[in-house]
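# Examining the three-dimensional arrangement
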Amino acid sequence: MATSVVLVVAILTATSTVEASGDVSSGARSTRVRRQTGELRQEIPAQFNQIYQGSVFNGTEDIYRYSYMQNESSPRAIRVEVKSQGASEDYPLLFVVRQQRGILSWQVPLMIRGIYGYDKVSRTLCPMDHLQTGVKDERETVYLEVSAASPAALNYRVNATILTDFSLSTGQSRNFLVSPSQPQYYAYKMPPDLDMVVVKVSSPSNLCAVFSLQPIKCPVYDLDRNIEFVGIYQTFMKKAAITVQKSYFPNGEFYVVVVVKATDSDCTGEMETIQPANPSDEAFEMRRVKEVTVVVGPSITDSQYVTAVFVGILVFVLFYVVTFMVLFIQWIRQRNAELEGLAPRPEEQATNAEAPINAQRTEPNYGATGWDRVKMPSVLDSAFTDGLSLNHITILGKKLSKNTSPSTEKEANISTNKPTTDPYSMGEQPIETKPGIPPTDQPNGPPMPTNPPPPRPAQSKSYPKPPMVHTLSDSSMEDDIDMLDDADEDKDIYRTKTFLYVADLARKDHRHLSQKYNLYSWNLLTISVFYALPVIQLVITYQKMLNTTGNEDICYYNFFCAQPAGDLTAFNNVYSNIGYIMLGVLILILVYRRDYTHQKKVDAGDRYAIDYGIPKHFGLFYAIGIALVMEGVMSGCYHVCPNYSNFQFDTSFMYIIGGLGMLKLYQTRHPDINANAYAAYASLAIVIFVAVIGVVFGTPYFWAIFTVVYVLAILALTAQVYYMGRWRLDMGIFHRMYLLIRTDCLQCSKPMYWDRFVLLLVGNIINWSLALFGAVGQPDDFASFMLAIFIINFLLYFVFYIVMKLRSGERILWVTVGLIIITLICWTLALSFFFKGVTTWEKTPAQSRLDNKACVLMGFYDDHDIWHFMSAISMFCSFLVLLMLDDDLDYTPRDKIPVF
C-alpha cells in the first residue's frame, strides 16, 4: 500500500512539472507524455521534428518508436537531441537507441573525462542506408528508450530529426556547429573519376577539436573518449586537412567526423582544468561550441602527379648534361692545343721548374716578436744543403752552434739596411723577378719559354729535385718530423713567422698528407652506414605506426600539400631531397676527375702539378660529396615522419657539411696543420650531442653552461688559429698568457699577425654576440641555432678568404666569379622559402597545422620542397666555388702564395 502511494505521488509530481515546462524549440511541436497510474513501461509512437517531454524514475521506462523509409539513392541519417536539467552524475538519465544492426547509448549529464557533465546531448545515429545495399523503400524502425534509477522523477526532453543533407559533395562546403556533447559527422563517396581527395576543415575559433575519417560501418565513434578508436584523425584548432586515397576505404566511402575537446590541452600542450558549473548555465556550454566548415576537394590527377615527379628529377639531370658538355668542350680545347703544339712539353715544364731550386729568395723574419724582417738566404740554404737541423740555427744574428763555421756565421749577420716588401700591404708593390720562374699572371697555363733548352736524353727519366720546400732532410716527413724533439722547434721557426707562405706550411710529405685526408671520406662512409641503417628502420616503424593507428599527430606534415604514395603519407617531402643525392654524386664525379687529372700530371713529372699552386688534397672534397649525398638520404628519412623525436636526422649531416667546408677552406693554405679526421668527427659528434641535449633539456641551466663552454671554446680556437697550432693547453698556459699580454698587448703598437688578428677579432665579436643572444633569448629551436653558428662562421671565413685573396694581389677567375654570383642568388631564394615555414615540431601538432600551406609548384611541391631543391643547388654551387677558387694559382710558386 505504501509503495502504491509513493508511485502515485511521483507520477503526479512529474506530470505537474512537465506541464509547467514551457521550453519548446522553434520549428518543432511539443508533446507532453503522461504516464498512466501504475504503468511502469510505456511505448509511444513518435514522429520526427516533434519535441517530446516526459519524466522517469526508478522502475519506469519510456520507449519512443520512430519509423521511416530507407532510400539507398539518397542516404539519410537520424539525429537525436535530448536534454535534462534535473539529472545528476549520481542519478543520470540513460538513453538507449536500438536499430536493426546496432545499439547506441549515452547518459545525461554526459561526463567528459570525468570533469564536467553536459545536460544537453545531440547524437547522429548510424544510418542504415549505407549498410543495406540493394534494398530500396524498406521501412526502418528505431526505438529510443529513456530510463533512470533515481528515486525522484527526472524530467527530460527529446527530439529526433531526419538529416536530408547528410551526404557531402565534391567541392561544396558544409557549415555546422559542434561541441563536446554534440559531435557531427557526414558521409562522402568518391566519384568514379577521382582516386584521391583532400578533406579540409576550418574554423574561426581556436577551440581544440578532433577531425576524423572513419569507414562506413556502425558504430560511428564520435565522442572525445572514442573517436581515436578507428580511422584517421587529427587534432586541430583553426584548420586541418587529410589527403585520402580511394584504396584506403572500401568503395571510397567514409564518414567525416568532428568533435570538440573538453579542454584545449591536447592542442596547446598546456594543462588546464574545467571548473564544475551550474548545469543550467547554458553560457558555460556555449563557450565550447565551435563553428566548423568542411569541404572535400579533388587532389591532383595521376598525370599531374607523374609530371611533377618527372620534372623534379629532370632539373637535376640537366645539371649532369651541362656539366658533361662543359667538360667535353674543355677536353676538345685541350686536345686541339696539344695537337697544334701550344701546350708545353713535360721536358720544358721540368726545365722551367729548375730555376726556383737555386734561386735567391728574400725570406721574411723567422722570429715571432714583430721585429723588422731580415734576409738569411745563406743560413737557410746552408742548413738545407748540409742537412742541418733548424734547431741549430739561432735567429737574430746570434751564434748558431758550437760547430758553426766562420763563413756560415758571417752569412748569418742581419742585414737591416735593405728594405723589404710587405705582401699584405694595400699599395702597389714591385713583383720580384727570379731567374727561371715563369710569370704568374697568365690564366690559361704556363708561358712558352723564349729559348727552350734542348731536351734531356730519352733514357733519362729523372727530373730536377723539387724546390727548397721538398729538399729538407728526412725529418720533414710526417712520420718523422712529429716524433722528434727538434721538430717542435722546427715548427716554431716556420709557423710563427710574421709572414707565412704556403711553402712554409706544405713541408710534409704529400703522400702522407693525402692518406691522412683520405681518411675523412672513408671514415664518413663508415659513419654514414652505421648511422643510416637504424634511422631507416626507425622511420619505417613510425610510418607503420601512423598507418596502423591512424593518429596523424605522430608526424608533422604539411597536410595541405601532402602527396601520398604507397605507405608514405607525404611522398613529395621525401622525394624533393633527390637533389642532394644527385648533385652530391656529381660533386664526387667532378672531384674524381680533378684527382685523376692531377695524379696523371704528377706521374708524368709535371713540375707545375707537383711544386706549384695550392697543394692538391682531395680527401675532404670526397667527404663533402658523401656528406651531401647523405644529407639527402637522412633528410628524406626525417621527412618520412618528421617529429620531435627524429629532428636530428635532418640536421646531423648539415653540421658535418658546414664543418667540412670550414676545414677544407682552412686546409687550402694550411695543409700541414689541419685537423685529422678522427679529431674532426669527434668534435662534430660532440656538437650533435649538444644539439640533442639542447632540444630535449633546453632549461636556463643548460643555456648558462652552454654559453660558458661556447665562449671558452672560441677563446681556445682563437689561440690555436692565431699561433698556427703552436699554442699548448698545459700548466704553463697562465704564465704564457701573462707574457703575451705584457709583450704583445702592452708594449706593441699593433698585433704581430695583423690579418689573423682582424679575422679573429671579427669572429670573436660575432660569436660572442651569438652566445649572448642564446643566453638571453633562449630560442626554442636549438638545433637550428647551432646550425646557424656553423653557417655564420663558414661565411665569415669565406668572405675573409676572398678579401685576403684580392688584397694579396691574387685574382679570381671569371668562371668562379660567375659561380659566386649564382651561389648568392640561389642561397637568397633558398632561405626565402626556408623561413616561410610550413611546419614546426617545437609546437603541438595542432599548432603546427596553423602554418600549413597549399602547394605552390605544380600542385605537388610546397615551400619546403622548393627549399630542398634550391639548397641542394646552392650547396653544389658553393662547393664548386670552393673547388675552383684558387685555380688562378696553378702556375704560381708556393713560396709566393701567402697564408691567411
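Coordinates for the structure precede this section.
Source: prediction; values computed, not measured. (Residues numbered from 1 in each chain as written. Predicted model: local features only at pLDDT ≥ 70, side-chain atom pairs only at ≥ 80, totals over all residues. Heavy atoms only, no water.)

### Section: the overall build of the protein
Assigned secondary structure in the protein consists of 23 helices and 20 strands. Scored against the burial criterion, the 900 residues of the protein give a buried share of 51%. In the protein, the proportion of contacts linking residues at least 24 apart, taken out of those at least 6 apart, comes to 79%. Entry remark: accessible area of the protein is about 43000 Å², with carbon and sulfur atoms responsible for 60%. (Helix = DSSP H or I, 4+ residues; strand = E, 2+ residues; numbered from the N terminus. Buried < 20%, exposed > 50% of the residue type's maximum accessible area, 1.4 Å probe, protein only. Contact = heavy atoms within 4.5 Å. Areas by Shrake-Rupley, 256 points an atom, 1.4 Å probe, with all protein chains shown as cover.)

### Some details on the pairing of strand E19 (residues 253-260)
For E19, the tally of buried residues reaches 8 of 8 residues, placing the bulk of the element in the interior. Side chains Glu253, Tyr255, Val257 and Val259 of E19 all project onto a buried face; the interleaved residues Phe254, Val256, Val258 and Val260 project onto the opposite face, where all are buried too. With 6 bridges connecting them, strand E14 (residues 184-189) and E19 associate as antiparallel partners. Each bridged residue has a counterpart across the sheet, and for Ala187 the counterpart in E19 is Tyr255. In the sheet, strand E16 (residues 209-215) pairs with E19 via 7 bridges, with the strands oriented antiparallel. Pairing of Gln214 across the sheet is with Tyr255, part of E19. (Pairing = 2+ DSSP bridges.)

### Observations regarding unusual backbone geometry
Residue Pro109 is bonded to the preceding Val108 through a cis peptide linkage, with omega at 5°. With phi around 60°, Asn49 is a residue other than glycine that occupies positive phi space. As for its placement among the helices and strands, Asn49 is situated in the loop between strand E2 (41-45) and strand E3 (50-56). Judged by its relative accessible area of 42%, Asn49 falls in the partly exposed class. With phi around 60°, Met858 is a residue other than glycine that occupies positive phi space.

### Quick look at the sheet that holds E19
Either a parallel or an antiparallel arrangement is found when strands of a sheet pair, and the pairing is made through backbone hydrogen bonds. One open sheet holds the 4 strands; their spatial order is E14-E19-E16-E17, and the pairing between them is antiparallel. This sheet does not close on itself; its edge strands, each paired only once, are E14 and strand E17 (232-236). Neighbour-to-neighbour, the strand axes of the sheet open up by a mean angle of 15°, direction not taken into account. (Axes fitted to C-alpha atoms, helices over the stretch in contact; angles between N-to-C directions.)

### Quick look at the pattern of salt bridges
According to the stated counting rule, one finds 19 salt bridges in the structure shown. Taking the shortest distance from any N to any O, the salt bridge between Lys120 and Glu81 comes out at 3.7 Å. One end of the pair, Lys120, is in strand E10 (residues 120-124); the other, Glu81, is in strand E5 (residues 77-83), with 39 residues separating them in the sequence. Residue Lys120 is classed as partly exposed on the basis of its relative accessible area of 24%. Taking the relative accessible area as the measure of exposure, Glu81 reaches 25% and is therefore partly exposed. Put simply, Arg849 and Asp553 hold a salt bridge, and the shortest N to O gap is 2.6 Å. Note that Arg849 is positioned in the loop between helix H22 (845-848) and helix H23 (863-884) and Asp553 in the loop between helix H10 (510-549) and helix H11 (571-575), a separation of 296 residues in sequence. The class of Arg849 is buried, set by a relative accessible area of 2%. With relative accessibility at 15%, the residue Asp553 sits in the buried group. (Salt bridge = Lys/Arg side-chain N within 4 Å of Asp/Glu carboxyl O.)

### Description of helix H17 (residues 700-722)
For H17, built from 23 residues, the straight-helix expectation of 33 Å at 1.5 Å per residue is met to within 8% by its first-to-last C-alpha distance of 33 Å. Along H17, the residues classified as buried are Phe702, Trp703, Phe706, Thr707, Tyr710, Val711, Ile714, Thr718, Ala719, Val721 and Tyr722. (Expected span 1.5 Å × (residues − 1).)

### As for the nonpolar core
In summary, soluble globular proteins display a tendency toward joint burial of nonpolar side chains. If you look at the biggest cluster of nonpolar residues, it comprises 121 residues, and the most contacted ones within it are Tyr520, Leu524, Tyr655, Leu660, Tyr681, Phe706 and Phe782. At 15 residues, the largest contribution of residues to this core is made by H23. Every residue in contact with Phe782, bar those within four places of it in the chain, is listed here: Val690, Ala691, Gly694, Val695, Phe702, Trp703 and Phe706. (Core = buried A, V, L, I, M, F, W, Y, C linked by side-chain atoms within 4.5 Å.)

### A few points about the environment of Thr668
Within the element layout of this structure, Thr668 appears in the loop between helix H15 (648-667) and helix H16 (677-696). Through-space distance from the C-alpha of Thr668 to that of His617 is 8.5 Å; in sequence the pair is 51 residues apart.

### Some words on the state of the cysteines
Under the defined criterion, the tally for this structure stands at 4 disulfides. Linked covalently through their sulfurs, Cys126 and Cys218 form a disulfide whose S-S length is 1.7 Å. For the disulfide bridge between Cys126 and Cys218, the dihedral angle about the S-S bond is near -90°, and by the sign convention the bridge is left-handed. Separated by 92 residues along the polypeptide, Cys126 in the loop between E10 and strand E11 (139-148) and Cys218 in the loop between E16 and E17 bring together distant segments of the chain. A relative accessible area of 7% places Cys126 in the buried class. Here Cys208 pairs with Cys267 through a disulfide, and the sulfurs are 2.0 Å apart. One quick way to see it: the torsion about the S-S bond of Cys208 and Cys267 is about 65°, and its sign makes the bridge right-handed. (Disulfide = S-S within 2.5 Å.)

### Let's talk about the environment of Met630
For Met630, the location among the structural elements is in helix H14 (residues 619-640). Judged by its relative accessible area of 12%, Met630 is buried. As for Met630 and Met654, which are separated by 24 residues in sequence, their C-alpha atoms are 9.5 Å apart. Here Met630 is in contact with Ser528, Ala532 and Phe653, once residues within four sequence places are set aside.

### A look at a nonpolar patch on the surface
On the surface, Phe310, Ile313, Leu314, Val317, Leu318, Val321 and Met325 cluster together to form a nonpolar patch covering roughly 590 Å² of accessible area. A relative accessible area of 39% places Val321 in the partly exposed class. (Patch = residues over 30% accessible without salt bridge, like charges linked within 9 Å, V, L, I, M, F, W, Y side chains within 5 Å.)

### Quick word on the sheet that holds strand E20 (residues 290-298)
Taken in spatial order, the 4 strands make up an open sheet running E13-E20-E15-E18, and their pairing is antiparallel. Among the strands making up the open sheet, the edge pair consists of strand E13 (173-178) and strand E18 (239-245). Taking the axes of each pair of neighbouring strands and ignoring which way they run, one obtains an average angle of 20° across the sheet. As paired strands, strand E15 (residues 196-202) and E20 are joined by 6 bridges and run antiparallel to one another. Bridging across to E20, Val198 finds its partner in Gly297.

### Brief notes about the packing of aromatic side chains
A complete count under the given rule lists 53 aromatic pairs for this structure. A centroid spacing of 6.5 Å and a plane angle of 85° characterise the contact between Phe211 and Phe236, whose relative ring orientation is edge-to-face. Here Phe211, found in strand E16, pairs with Phe236, found in strand E17; they are 25 residues apart in sequence, far enough to count as distant. In this structure, Arg174 is placed above the aromatic ring of Tyr186, and the distance from its NZ or CZ to the ring centre is 5.0 Å. A cation sits over an aromatic face here: Lys239 above Phe560, 5.2 Å from the ring centre. (Phe/Tyr/Trp six-rings, centres within 6.5 Å; stacked < 30°, edge-to-face > 60°. Lys NZ or Arg CZ within 6 Å of the ring centre and 35° of its normal.)

### What to know about the side chain of Ser179
In this structure, Ser179 sits in the loop between E13 and E14. Leaving out residues up to four positions away in the same chain, Ser179 has contacts with Val259, Val260, Arg288 and Val289.

### Examining the side chain of Asp863
Tracing the backbone through its elements, the reader meets Asp863 in helix H23. Within the buried core, Asp863 has no salt-bridge partner, and the shortest N-O distance to an opposite charge, that of Lys836, equals 4.2 Å. Beyond its immediate sequence surroundings of up to four residues, Asp863 is in contact with Phe833, Lys836, Val838, Lys853 and Val856. (Lys, Arg positive; Asp, Glu negative; His and termini not counted.)

### Some words on the pairing of E20
Sheet topology places E13 next to E20; 6 bridges connect them, and they run antiparallel. By the bridge assignment for E20, Asn175 is matched with Thr293.

### A word on the packing of H16 against helix H20 (residues 782-807)
Look at H16 against H20: their axes get within 8 Å of each other, and the N-to-C directions meet at 145°. Residue-level contacts link Leu684, Val687, Val690, Ala691, Gly694 and Val695 of H16 to Phe782, Ala783, Met786 and Phe790 of H20. The residue makeup of the contact of H16 with H20, split by class, is 9 nonpolar, 1 polar and no charged. (Nonpolar A, V, L, I, M, F, W, Y, C, P; charged D, E, K, R; others polar.)

In short, the description is geometric, and any link to function would need to be established separately.
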